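Observations on the model geometry
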Number of protein chains: 6
Amino acid sequence: MPPARYRFLLINAFALPEEAGYGLRPSRGPKEARLMNHASLAPLLADVDWHLHDGALATHGNHPVETREEFAIVGVNRLKLVREACESGQYNAIVLLGGGDPGFEEAREIGRRHRIPVTSCAHAQMHLARLLGHRFTVMDISEAHNMHMAMLVRHYGFAPNCASIVNLNYPLPRPVLPNDRPLAAEKARHDRGERSEMVEAAVAAAEDAIENDGAEVFIIGCSAAYWLAPVLQARLAALGWEAPVLEGYRCAIEQAKTLVNLGLDVSGLAMPSDHPRRWRRKKYL
Amino acid sequence: MPPARYRFLLINAFALPEEAGYGLRPSRGPKEARLMNHASLAPLLADVDWHLHDGALATHGNHPVETREEFAIVGVNRLKLVREACESGQYNAIVLLGGGDPGFEEAREIGRRHRIPVTSCAHAQMHLARLLGHRFTVMDISEAHNMHMAMLVRHYGFAPNCASIVNLNYPLPRPVLPNDRPLAAEKARHDRGERSEMVEAAVAAAEDAIENDGAEVFIIGCSAAYWLAPVLQARLAALGWEAPVLEGYRCAIEQAKTLVNLGLDVSGLAMPSDHPRRWRRKKYL
Amino acid sequence: MPPARYRFLLINAFALPEEAGYGLRPSRGPKEARLMNHASLAPLLADVDWHLHDGALATHGNHPVETREEFAIVGVNRLKLVREACESGQYNAIVLLGGGDPGFEEAREIGRRHRIPVTSCAHAQMHLARLLGHRFTVMDISEAHNMHMAMLVRHYGFAPNCASIVNLNYPLPRPVLPNDRPLAAEKARHDRGERSEMVEAAVAAAEDAIENDGAEVFIIGCSAAYWLAPVLQARLAALGWEAPVLEGYRCAIEQAKTLVNLGLDVSGLAMPSDHPRRWRRKKYL
Amino acid sequence: MPPARYRFLLINAFALPEEAGYGLRPSRGPKEARLMNHASLAPLLADVDWHLHDGALATHGNHPVETREEFAIVGVNRLKLVREACESGQYNAIVLLGGGDPGFEEAREIGRRHRIPVTSCAHAQMHLARLLGHRFTVMDISEAHNMHMAMLVRHYGFAPNCASIVNLNYPLPRPVLPNDRPLAAEKARHDRGERSEMVEAAVAAAEDAIENDGAEVFIIGCSAAYWLAPVLQARLAALGWEAPVLEGYRCAIEQAKTLVNLGLDVSGLAMPSDHPRRWRRKKYL
Amino acid sequence: MPPARYRFLLINAFALPEEAGYGLRPSRGPKEARLMNHASLAPLLADVDWHLHDGALATHGNHPVETREEFAIVGVNRLKLVREACESGQYNAIVLLGGGDPGFEEAREIGRRHRIPVTSCAHAQMHLARLLGHRFTVMDISEAHNMHMAMLVRHYGFAPNCASIVNLNYPLPRPVLPNDRPLAAEKARHDRGERSEMVEAAVAAAEDAIENDGAEVFIIGCSAAYWLAPVLQARLAALGWEAPVLEGYRCAIEQAKTLVNLGLDVSGLAMPSDHPRRWRRKKYL
Amino acid sequence: MPPARYRFLLINAFALPEEAGYGLRPSRGPKEARLMNHASLAPLLADVDWHLHDGALATHGNHPVETREEFAIVGVNRLKLVREACESGQYNAIVLLGGGDPGFEEAREIGRRHRIPVTSCAHAQMHLARLLGHRFTVMDISEAHNMHMAMLVRHYGFAPNCASIVNLNYPLPRPVLPNDRPLAAEKARHDRGERSEMVEAAVAAAEDAIENDGAEVFIIGCSAAYWLAPVLQARLAALGWEAPVLEGYRCAIEQAKTLVNLGLDVSGLAMPSDHPRRWRRKKYL
């Protein structure tokens, strides 16, 4: 049997101390158990020789991230893992997991030094959404996370393509917030075949975005809500709306494959080295 | 041995009558011989069960296309082939060959009815270029073809990302034009290891685009010049410029794989059926 | 009496076989009877020596067009008529009838070779609407036609000026659609002085666009709904809204006059010949 | 003989005291003598019953206008003439002469109250230029006038269509400036069949704009340079460049005809009355 | 005690004849009494040696301004005051009062000649609002004033940042309008601690803009409504919305201080003199 | 003597270990000695009670930062200082020093929790530049730093206002780069009254940007080059160009004063808390 064409490291955004109880993902067991929504990813990973890193241990606190500061801290923490992975020679692409892309631009720069592509979930979703239609709506989960996504949309240059950013208002658990709307409980309810208010809210918000914002495609903000993607797409289809709903893991994995196949990572002119062979007198935007 | 995951039909933009002598591609022999630049595509096609259609016989004239009218005519001619391919059940994606994307939007709409993705060369290149950097320059070959590319850049919404569109001025042969700058002869010269003025012009123009237009990535307009991509990228690298140079076949093939893997074609809200189940009271741009 | 200054050929988008029964326009009788809404156009045509061509016989099917594919097919079919008209020496302008501008860009290119201006309905309406206010709303009739108009708005560069695109949902008749909302019946009702639900829906949607989308001007998408223009404008005026409502025939005819008077057609640099005297090293968007 | 369909008042931007010697136009004689470049306008005015007003006597000084302040002052001075013309019932359109559109927006608002269209030279040129191609270059005459034109381009929303604004640097005469580059002398030279450096500079700058800025159409800034339009277009054509060159009088006259024919002036929602019948809760840009 | 660092002249937009009874501001008494909302400005003026000019006597009529024409007339009237103030040598900055910025661009040009910064209320508010968030909503008072503000938003280049422009519909008094919704009465009511319907409408409209338009910051259009700023901000805060509400006087005063401190007024390249030392061959937008 | 109105903490971007020898700033002595270009800042700080923090000790290496990764690391390191300063109650504003704004958005978010404004150098310069003219050019020092500035321009939404980004190519010292173009040596040369090639290059590049890119204002990228601002402005003035040249410290200090005076920091809707009192169903860009 030939070696896999793809050798990927998937890196979670951060690892939380288990005892705090705010974890969103299992931190033990085989990689398949620790990778959220593994079942739906398995076909895409069938020809990939992949490892999963649980992420750098959080230094911002003991809870998931939503604020700018938290995203910045976990982003920087992840860079060390990216560099080690690049230097290990083991991988031909790195897939950054997590909805808010912490550390993505910097990781891409590191990858460039090694000619190894790095992909990330929000970025990959937006690029793919733009390919499927002119306007996408982001389904997201809290005020702070929504505004982080708004920043990413602008930062990546997709503002003209963003129909709206929905807040379903199921914020991630954190000490300061009474955990009375646990997103994980909604997923569990849905998985048991019970009615989830979060799913219902997402369907209603998506219909509203289709009818009132011009949404043609949906992407999802926080990775803790990625499980919604197939559910929402099926519900919309049942209502007669032919709207693709993306999530980040699948998009980031596929984008990594494309870059590996084409021998690309990022333009060295967009992310120059600190000792470039050539320099440009001027740059235009 | 398992069946190939990918079953693609590659369709050329048009077929010219052999006797006119304006053909750009061999029209006989095995598919590998008839597919331009097959050698560089072979690795990407290794896991694809692919067929090649030489394109509908040209009705606009006996020469390659460059004007709007010619693109429109060959575009419509190709739609019949797309529909037949969709209806045949043989393919899970269709890749439209040719630099100016004739018939692409309409073919995508047809594909949507069958849930079969259709990809095309300019469109795929622009999406990928945008992923690698903020600004790309199109390298192209003639006044009319250049303005066709300019129209596509705007039509697909990439104007803010287009640094410039270079005209190397090696127009395709046609009765009205003395064929004194044959592009094919340049390729032959280059393939023989001789100096090609077209290659030199491309290198000079690309350096100019990097230094004066803010180009970070290059794409190529006319498919008859796709052979330039690896040549130009290597020459730029030798000069110290780390600039990816894309061409359309590879990009369109890879985009097709991504869409197949993710079960996507195009948003049904962006390209509605003529008898949609639901309708929207308003649409926003 | 001096010869008329204007010698125009008006060309319908397509001609349907009479027996299918899907025709929107009379296909027999004098030109005045065959030109939709002739009464309101008569004053504009008083100083024009005009002919009417019923359009090329449809090859896409036996029903009006709404999809991308159908627009592309009838567009290409029309080009032959445009070329013949240009070559005939009989006309100093060509006016393309029909709401979705099939074949317009290509026809303009053909006209350029003969220095004969070609105008078209959506294009002419958008340019005029932009002159009267900053934002216009398109009133249109079906999901597919709406999205075609959305494409045209973007293609012509008017996205920043488009407040919204309304779908009144009176799709054109076609085999696949039960013809239970015939637009022609609405016009007949209105002409008889009876209440038309389509008119009422248009008034309500226009008020909504004024109050909620920032619409300052209205244009109409499908030419089968052009009769709405004066009706809607009068109804809005009666409600206190001073909003111009345009339709395409009048705008395209007047634009043609302007171009004839000024000796213009289209920039030869925007639509270069296939054997231009000069070429540009680069083009910027 | 029937009454003329068009009854236009053409109003100059301002009248200068004759004794100062800074006048650009004859202030005596029949209207034909006082209308700059009348010969080229005569065919367009053949079916127009027109009057010419020399403009309000200047209050900003005794010289032509170039600065923002000067444009504002003569703009306000002209409004009284516009109102009187509207109230006289004599005209069905008002054409504001002058390159920098002083008082245009306000005059349009006054016209709206009387349902009389008002057109102006820069505005009309830009709208027509946009119709002929995607990018236009403005040929203009001085630093201050250039920046006034830049402001108008942005104000009217044409910034994405403006390739560049050329300064030929033949500023209008004024006390503070030694009149050593008199524009009028250049015109005289050209009219006598002699070489004009201004014409040569315009040709060179236009070629540069075509080759380096992506210009597809040209318009002219200051009305004192409108005589350049046919000269420049012919020279470019002789060089092989098929570029339309517009000037303001012809464009503004033709735009007025279009508006008269279509019964339009400006959207009442864009320029509401001070006691509108209806009001909108919100407005979007 | 050292001389004040700041020597400002504040100039009202216009002065109305007292007898007409349409005045919005006291025209007698000490400057503190004549400056609207002085109490809230006092801390900002503590280190300013300031004078107040009541504005040039109105020539457009005897009532406050709302239409384009009225703004243009009072704008030009104010320029004389600006020039005199600049020439007096008494001031190091000029603050133009009034919501619609009449005469601002021209006054800035005059100031440039003397290297004296001129600031104005709408302009200063928009710049500051943009600093605090990405999208602001303008709270304004009438159809005509709203559209004037819309023009300013576009003119200053802030259209992408403008979430919406609210019309509270409390138009300023004028002969043609029955004064049945006097804005001043609303302020009086609020000042007496009574319920003001205008305040209630503003709170409701602001909440709507936050929830439905993406507003992050508020600015106020007409200066007669500037008293609303602290009231609205407090009410929103009480509702849980952390939204800054700006008004123009404070912003224009602070902007003037910044410019004085940094020794800046406006770029001489953006507002060139009528006899500049250098000239540019071309200008890009 | 009354307490100073302003109590600012100025925080450097990072502190380097002295022994490495790559430091750009003195790390010992009184605050005035440690603040770069203090002499030109002294007047602005005269009414400020200010402290200077040398920055968090670098963890990215022993040299100044230029790459994305380095900016991210020092940005996160600085956040702890910002939080401590906010919690100390000692300051009413925090001014982040350094050209590339490391940690700015996150610091602003922290400041918001304490209602303390945080300003930063690139951000403050761009806002002020936009106020002085429509287009600014950034003068910067190396490939990597230039692209970081390009990212900031886009991130802050100023792309339409950025004429160009100049690379003078005096990269900051780092182990991987032979320090043969030391920027500090250029400053020293200039300070001694000798000719600095860097100054000459800046003047030439600025003239080029004025004449060819439409630059109206200049800002400076890397804070190590801020000393250029007055030098460049004076040289341009001597050449006849009236172009303001900004630098970051002065702009950030003045912006902080404005925010303190107006009681503002950032919109709480743009940077929501992690436990906001209210939430929005949707957000628009």
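Residues numbered from 1 in each chain as written. Chains lettered and ligands numbered in written order. Predicted model: local features only at pLDDT ≥ 70, side-chain atom pairs only at ≥ 80, totals over all residues. Heavy atoms only, no water.

**Focus on the domain arrangement of chain A**
A common way to express how large an interface is: the accessible area buried when the components associate. All names here are of chain A. Assigned domains of chain A: these are domain 1 (6-120 + 249-262) and domain 2 (123-248). The distance between the C-alpha centroids of domain 1 and domain 2 comes to 21 Å. Taken together, the contacts link 27 residues of domain 1 with 31 residues of domain 2. Regarding the contact of domain 1 and domain 2, the summed buried area is about 2400 Å², with carbon and sulfur atoms giving 54% of it. Here domain 1 and domain 2 share two salt bridges between them. Across the pair Glu247 and Arg250 runs a salt bridge whose closest N-O atoms are separated by 4.0 Å. One can count 14 residue pairs in polar contact (both at pLDDT 80 or more) joining domain 1 with domain 2. Listing elements by their share of the side of domain 1 that touches domain 2, those giving two or more residues are α3 (68-88), α4 (104-114) and α10 (248-262). Of the residues forming the side of domain 1 that touches domain 2, the biggest block, five residues, is contributed by α10. Within the side of domain 1 that touches domain 2, the residues separate by chemical class into 11 nonpolar, nine polar and seven charged. (Domains from an automatic or database assignment. Contact = heavy atoms within 4.5 Å. Buried area = accessible area lost by both parts, 1.4 Å probe. Salt bridge = Lys/Arg side-chain N within 4 Å of Asp/Glu carboxyl O. Polar contact = N/O pair within 3.5 Å; in protein donor to acceptor, adjacent residues only side chain to side chain. Helix = DSSP H or I, 4+ residues; strand = E, 2+ residues; numbered from the N terminus. Nonpolar A, V, L, I, M, F, W, Y, C, P; charged D, E, K, R; others polar.)

**A closer look at the sheet that holds strand β5 (residues 136-140) of chain D**
The mixed open sheet is built from four strands, whose spatial order is β7(D)-β5(D)-β6(D)-β8(E). Every other strand in the sheet has two partners, leaving β7 (217-220) of chain D together with β8 (282-283) of chain E as the edge strands with one partner each. In terms of strand pairing, β5 of chain D meets β7 of chain D through four bridges, oriented parallel. By the bridge assignment for β7 of chain D, Val138 of chain D is matched with Ile219 of chain D. Here helix α5 (residues 121-132) of chain D sits on the sheet and contacts β5 and β7 of chain D; the angle it forms with β7 of chain D, its principal contact strand, is near 175°. (Pairing = 2+ DSSP bridges. Axes fitted to C-alpha atoms, helices over the stretch in contact; angles between N-to-C directions.)

**Concerning unusual backbone geometry**
Positive phi, normally seen in glycine, also occurs at Arg115 of chain A, with a value near 55°. Relative to the elements of secondary structure, Arg115 of chain A occurs in the loop between α4 and β4 (118-120). For Arg115 of chain A, a relative accessible area of 46% puts it in the partly exposed group. A positive phi angle, near 60°, is found at Asp101 of chain E, a position not held by glycine. Within the element layout of this structure, Asp101 of chain E appears in the loop between β3 (93-96) and α4 (104-114). (Buried < 20%, exposed > 50% of the residue type's maximum accessible area, 1.4 Å probe, protein only.)

**Section: the packing of aromatic side chains**
Applying the stated rule across the entire model yields 24 aromatic pairs over all chains. Consider the rings of Phe104 of chain D and Tyr156 of chain D, whose centres lie 6.2 Å apart with planes at 85°: the pair is edge-to-face. In this pair, Phe104 of chain D is assigned in helix α4 (residues 104-114) and Tyr156 of chain D in the loop between α6 (143-155) and β6 (162-167), connecting sequence segments 52 residues apart. Just as Phe104 of chain D is buried, Tyr156 of chain D falls in that class too. A cation over an aromatic ring shows up here: Arg130 of chain D above the ring of Phe158 of chain C, its NZ or CZ 4.8 Å from the ring centre. Its guanidinium or amino end placed over the ring of Tyr170 of chain F, Arg181 of chain F lies 4.1 Å from that ring's centre, counting from NZ or CZ. (Phe/Tyr/Trp six-rings, centres within 6.5 Å; stacked < 30°, edge-to-face > 60°. Lys NZ or Arg CZ within 6 Å of the ring centre and 35° of its normal.)

**Thoughts on the pairing of β5 of chain D**
Residues and elements named next belong to chain D. Of all five residues that make up β5, five are buried, and the element is covered over most of its length. Burial of the side chains of β5 extends over both faces: Phe136, Val138 and Asp140 are buried on one face and Thr137 and Met139 on the other. As defined by bridge partners, β5 adjoins β6 across five bridges and the pair is classed as parallel. Bridge pairing in β6 links Met139 to Val166. In this fold, β5 hands off to α6, which returns the chain to β6; that crossover is right-handed. (Right-handed = clockwise from strand over helix to strand, strands pointing away.)

**A few points about the interface of chain A and chain B**
Every contact between the two is made by 62 residues of chain A and, on the other side, 62 residues of chain B. Summed over both partners, the interface of chain A with chain B buries about 5200 Å², with 51% contributed by carbon and sulfur atoms. It is Leu131, Glu242 and Arg278 of chain A that lose the most area in chain A upon contact with chain B, and together they represent 14% of the buried surface on that side. Inspection of the region where chain A meets chain B yields 10 salt bridges.

**Considerations on the relation of the copies chain A and chain B**
Take chain A, turn it by 180°, move it 0.0 Å along the axis, and it overlays chain B with an RMSD of 0.0 Å. Considering both components of the superposition, the chain copies are consistent with a two-fold axis. Here 100% of the interface residues in chain A have copies in chain B that are interface residues too; the copies meet face to matching face. (Least-squares fit on C-alpha atoms with pLDDT ≥ 70 in both.)

**Topic: helix α10 (residues 248-262) of chain D**
Residue and element names in this part refer to chain D. Compared with an ideal rise of 1.5 Å per residue, which puts 15 residues at 21 Å, α10 spans 21 Å between its outermost C-alpha atoms and is within 8% of the ideal. Taking burial as the measure, the 15 residues of α10 include 14 buried ones, the bulk of the element. For α10, the N-terminal capping position is held by Glu247, with its side-chain oxygen 3.2 Å away from the main-chain nitrogen of Tyr249. Two residues or fewer past α10, Gly263 is found with a positive phi of approximately 70°. (Expected span 1.5 Å × (residues − 1).)

**Focus: the sheet that holds strand β3 (residues 93-96) of chain F**
By definition, the strands of a sheet pair up through backbone hydrogen bonds, in either a parallel or an antiparallel sense. Residues and elements named next belong to chain F. The sheet built from four strands is open, its strands ordered β2-β1-β3-β4 with parallel pairing. With partners counted over all chains shown, the strands left at the sheet margins are β2 (48-53) and β4 (118-120), one partner each. Put simply, the sheet's adjacent strands are angled 20° from each other on average, direction ignored. Sheet analysis places strand β1 (residues 6-11) next to β3, joined by four bridges and oriented parallel. Residue pairing for β3: Ile11 is matched across the bridge by Leu96. Together, β1, β2 and β3 form the strand contacts of helix α3 (residues 68-88), whose direction differs from that of β3 by roughly 160°.

**Thoughts on the layout of surface pockets**
All names here are of chain F. By volume, the second largest pocket is sized at about 700 Å³. Surrounding the second largest pocket, 37 residues form its lining, Asn37, Lys187, Ser223, Tyr226 and Trp227 being those nearest its centre. Contributions of two or more residues to the lining of the second largest pocket are made by α1 (31-34), α2 (38-45), α7 (183-191), α9 (228-238) and α10 (248-262). Sort the elements by how many residues they give to the lining of the second largest pocket and α7 lands first, with five residues. Counting the residues that make up the lining of the second largest pocket, at least three belong to each of domain 1 (6-120 + 249-262) and domain 2 (123-248). (1 Å grid on protein atoms, 1.4 Å probe; cavity = no way out; pocket = protein on both sides within 12 Å on 5 of 7 lines; lining within 4 Å. Points joined across faces, edges and corners; volume = space filled by probe spheres on them.)

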